[in-house]
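# Summary of the model geometry
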Amino acid sequence: MSSVPENTQLGKHVVIENNVVIGENVTIGHNTTILQGTQIGDDVIIGNNCVLGIKTSGNERMRKKADKYGSLNIQSGSRIGNIASIYAGTDIGKNVFIGDHASIRENVSIGDKSVVGRAAIVELNSTIGDSCTIQTLAYVTGDTTLEDNVFIGPCVSMSNDKYMGAKNFTLNGPYIKSGAKIGNNASLLPGITVGRNSIIGAGAAVTKDIEDNITAAGVPAKRLNSDGNK
């Protein structure tokens, strides 16, 4: 059985599986499915046509998955848009906003007050700090870390496989330190670090580590001087 308070506002054709825990004053939109074991805090709003608590799957060519990742936990005050998909084993902090069509995989942590924009993707084993912004259509690859107050612009792309599947490699996404800002359509290669409060220009290709408190742009990304020239 699941725990659904009387003050829960349910849309039409909502499915709530067993062992789901729902807090007070939660709203769940039409045609949304809450899968087994999901935990939802107080004052959460969930849009239409969402699937929450998805169990991971794959085939023999994909990386080996853990047998069990635990439940999806959505903390109080968070907002989930329409047609969002979030996997089991992930923790969504307080007052997080997740936009329409967003996808968040398993074993992800998203800190309080962060924003995951429309159709953005956050892959497995990633950590997103507090008050981060991941804008529309951004792709956060697996095994990535964003510290607090990081800004990821629209259509930013990240990678975690240095050899693109050609040989064995420990998957390692970018590490982006607190306060860093990544401009529209920038590409970040596996394992790079972007320093604290640094800025990456739009369209840049970050192939090497970027120091703290600098601006870098270009392909490959290079530090800019104070006058804006390379």
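Values in this document were obtained by computation on a predicted structure and should not be read as measured data.

The step from valine 219 to proline 220 runs through a cis peptide bond, and the omega angle for that step is -5°. Positionally, proline 220 belongs in the loop between strand S30 (215-217) and strand S31 (222-223). One non-glycine residue, asparagine 49, lies in the positive phi region at around 60°. Looking at where asparagine 49 falls in the secondary structure, it is placed in the loop between strand S7 (45-46) and strand S8 (51-54). Look at isoleucine 83: it is not a glycine, yet its phi comes out positive at around 60°. Along the polypeptide, isoleucine 83 turns up in the loop between strand S10 (79-80) and strand S11 (85-87). The exposure class assigned to isoleucine 83 is partly exposed, which follows from its relative accessible area of 41%.

We now examine the sheet that holds strand S28 (residues 199-200). Backbone hydrogen bonds are what pair the strands of a sheet, in a parallel or an antiparallel way. With respect to topology, 12 strands assemble into an open sheet ordered S1-S4-S7-S10-S13-S16-S19-S22-S25-S28-S30-S31, the strand pairing being mixed. The open sheet has two edge strands with one neighbour each: strand S1 (9-10) and S31. As defined by bridge partners, S30 adjoins S31 across two bridges and the pair is classed as antiparallel. Bridging across to S31, alanine 217 finds its partner in lysine 222.

Within the structure shown, the criterion is met by five salt bridges. Between arginine 118 and aspartate 100 there is a salt bridge, with the nearest N and O atoms lying 3.2 Å from each other. Of this pair, arginine 118 sits in the loop between strand S16 (115-116) and strand S17 (121-122) while aspartate 100 sits in the loop between strand S13 (97-98) and strand S14 (103-104); the two residues are 18 residues apart in sequence, bridging distant segments of the chain. A relative accessible area of 44% places arginine 118 in the partly exposed class. Note that glutamate 106 is salt-bridged to arginine 105, the shortest N-O span being 2.8 Å. The exposure class assigned to arginine 105 is buried, which follows from its relative accessible area of 15%. One network of salt bridges, with partners in common, ties together Arg105, Glu106 and Glu123.

Okay, the sheet that holds strand S27 (residues 193-194) next. Here we have nine strands laid out as an open sheet, ordered S3-S6-S9-S12-S15-S18-S21-S24-S27, and parallel in their pairing. One side of each edge strand has no neighbouring strand; the edge strands of this open sheet are strand S3 (21-22) and S27. Pairing of strand S18 (residues 127-128) with strand S21 (residues 145-146), which is carried by two bridges, proceeds in the parallel orientation. Within S21, the position partnered with threonine 127 by the bridge is threonine 145.

Looking now at the environment of proline 154. Counting through the fold element by element, proline 154 comes out in the loop between strand S22 (151-152) and strand S23 (157-158). For the pair proline 154 and proline 190, spaced 36 residues apart in sequence, the C-alpha to C-alpha distance is 19 Å.

Moving on, we come to the domain arrangement of the protein chain. By convention, interface size is frequently given as the accessible area that disappears when the constituent parts associate. Split by domain assignment, the protein chain resolves into domain 1 (1-54 + 69-112) and domain 2 (120-230). If you average the C-alpha positions of domain 1 and of domain 2, the two centres end up 28 Å apart. Contacts between domain 1 and domain 2 engage 12 residues on the former and 12 residues on the latter. Between domain 1 and domain 2 lies a buried interface of about 930 Å² when both sides are counted; carbon and sulfur atoms form 43% of it. Connecting domain 1 to domain 2 are one salt bridge. A salt bridge links arginine 105 to glutamate 123; the nearest nitrogen and oxygen atoms lie 3.2 Å apart. Summed over the shared surface of domain 1 and domain 2, the number is 12 residue pairs in polar contact (both at pLDDT 80 or more). Listed by contribution, the elements that provide at least two residues to the side of domain 1 that touches domain 2 are S14 and strand S15 (109-110). Tallied by class, residues from the side of domain 1 that touches domain 2 come to five nonpolar, four polar and three charged.

About the thresholds
Residues numbered from 1 in each chain as written. Predicted model: local features only at pLDDT ≥ 70, side-chain atom pairs only at ≥ 80, totals over all residues. Heavy atoms only, no water. Helix = DSSP H or I, 4+ residues; strand = E, 2+ residues; numbered from the N terminus. Buried < 20%, exposed > 50% of the residue type's maximum accessible area, 1.4 Å probe, protein only. Pairing = 2+ DSSP bridges. Salt bridge = Lys/Arg side-chain N within 4 Å of Asp/Glu carboxyl O. Domains from an automatic or database assignment. Contact = heavy atoms within 4.5 Å. Buried area = accessible area lost by both parts, 1.4 Å probe. Polar contact = N/O pair within 3.5 Å; in protein donor to acceptor, adjacent residues only side chain to side chain. Nonpolar A, V, L, I, M, F, W, Y, C, P; charged D, E, K, R; others polar.

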